[in-house]
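Residue-level structure breakdown
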Amino acid sequence: PLVAMNSAKNKDKAIDIIRGIKSAGATNISAGIFDALEVLGTTQSEGQTRDFIILFTDGEANNGITEADKMVQLYHQRQEDYGLECAVPISAMTIGWYQPTLLCEISRLLGSDGFYWLNSQVDFEADMLLPLTLSEMIQVTDVQIEFETQNGSTIKDGSYAAEFFKSADPTKTCLDYFIHNMPSGIKRNFPLVLQLPAKSEMNEKTLSVKITYFNCH
């Protein structure tokens, strides 16, 4: 169950549990992510809260699901199964000397957040709280942007932004984007090039844009 970290007793209990965990040679990142999602999906939160997951590992995934696409697909499916109305973003961070390709993809596809590479030579526990600090600046979450062409117009191949795709198969007439959160003062640009039909009328609509989001305040 979720425990509030606002008392010395609960903090000491969390420290004891962590110290009692035994290390092993396998790194199953997907199991940790789905266990965390299960806790959030099966626990009743008090008051108005915003859930998110901080993922920390000191090694590359070598057990469980190790492909980002499969992990993202199953993650979205389990969010729906738990009835979570808002997406649960993930902030991924690591220490160690390896190429964290999977973690970078998780940060990009499941968090719209930067990937954090922590310095193990210093006291990095405080740095692990950076996502919490940045979350205080978030104004809106679950931003969905839908571009749809009209009256024969099409979107030129390769002219649009590939980041934050909601759908893996964009078409020449429709583009869907999803951003987990938008901090205050941050801007996102989504360029694209429209190709108009040979015959088009003046003042004829060529593109519709629909934007929906959840206001945190």
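This report concerns the structure included in the present document. Worth saying up front: this structure is predicted, and the values here are computed from it rather than measured.

**Here we look at the packing of helix α2 (residues 29-42) against helix α3 (residues 68-81)**
Where α2 meets α3, the axes come as close as 11 Å, and the angle between the chain directions of the two elements is 15°. In terms of orientation, α2 lies roughly parallel with respect to α3. The way α2 lies across α3 gives a crossing that is right-handed. Along the contact surface, α2 presents Ser30, Ile33, Phe34 and Leu37, while α3 presents Met71, Leu74, Tyr75, Arg78 and Gln79. Split by residue class, the contact of α2 with α3 holds six nonpolar, two polar and one charged.

**Examining a nonpolar patch on the surface**
A contiguous nonpolar patch, built from Ile17, Ile18 and Ile21 and spanning about 330 Å² of accessible area, is present on the exposed surface. Inspection of the secondary structure assignment puts isoleucine 18 in helix α1 (residues 8-19). Look at isoleucine 18 and you get exposed, because its relative accessible area is 58%.

**Digging into the layout of surface pockets**
Within this model, the second largest pocket holds a volume of roughly 770 Å³. At the level of secondary structure, the elements contributing two or more residues to the lining of the second largest pocket comprise α3, α4 (101-110), β4 (138-149), β6 (174-183) and β8 (207-215). Looking at side-chain class alone, the lining of the second largest pocket contains twelve nonpolar, seven polar and seven charged residues.

**Notes on the sheet that holds strand β1 (residues 53-57)**
What links the strands of a sheet is backbone hydrogen bonding, and the strands pair in either a parallel or an antiparallel sense. An order of β1-β2-β3 is seen for the three strands of this open sheet, with the pairing classed as parallel. Each having just a single partner strand, β1 and β3 (116-117) make up the two edges of the open sheet. With two bridges joining them, strand β2 (residues 90-94) and β3 adopt parallel strand pairing. For methionine 93, the partnering residue across the bridge sits in β3 and is tyrosine 116. Most of the contacts of α4 go to β2, to which it runs at about 160°, and overall it touches β1 and β2.

**Some words on the nonpolar core**
Counting 20 residues, the largest nonpolar core has Ile29, Ile33, Leu55, Tyr75, Ile90 and Ile106 as the members making the most contacts within it. Only α2, β1, α3, β2 and α4 provide two or more residues apiece to this core. For this core, the element with the most residues is α2, which contributes five residues. Ignoring anything within four residues of it in the chain, the contact list for isoleucine 106 reads Ile29, Ile33, Leu55, Met71, Ile90 and Gly111. Membership of the second largest hydrophobic core comes to twelve residues, among which are Val140, Ile155, Ala161 and Tyr177.

The rules behind the values
Residues numbered from 1 in each chain as written. Predicted model: local features only at pLDDT ≥ 70, side-chain atom pairs only at ≥ 80, totals over all residues. Heavy atoms only, no water. Axes fitted to C-alpha atoms, helices over the stretch in contact; angles between N-to-C directions. Helix = DSSP H or I, 4+ residues; strand = E, 2+ residues; numbered from the N terminus. Parallel < 35°, antiparallel > 145°, perpendicular 65-115°, else oblique. Left-handed = near helix turned anticlockwise from the far one by under 90°. Contact = heavy atoms within 4.5 Å. Nonpolar A, V, L, I, M, F, W, Y, C, P; charged D, E, K, R; others polar. Patch = residues over 30% accessible without salt bridge, like charges linked within 9 Å, V, L, I, M, F, W, Y side chains within 5 Å. Areas by Shrake-Rupley, 256 points an atom, 1.4 Å probe, with all protein chains shown as cover. Salt bridge = Lys/Arg side-chain N within 4 Å of Asp/Glu carboxyl O. Buried < 20%, exposed > 50% of the residue type's maximum accessible area, 1.4 Å probe, protein only. 1 Å grid on protein atoms, 1.4 Å probe; cavity = no way out; pocket = protein on both sides within 12 Å on 5 of 7 lines; lining within 4 Å. Points joined across faces, edges and corners; volume = space filled by probe spheres on them. Pairing = 2+ DSSP bridges. Core = buried A, V, L, I, M, F, W, Y, C linked by side-chain atoms within 4.5 Å.

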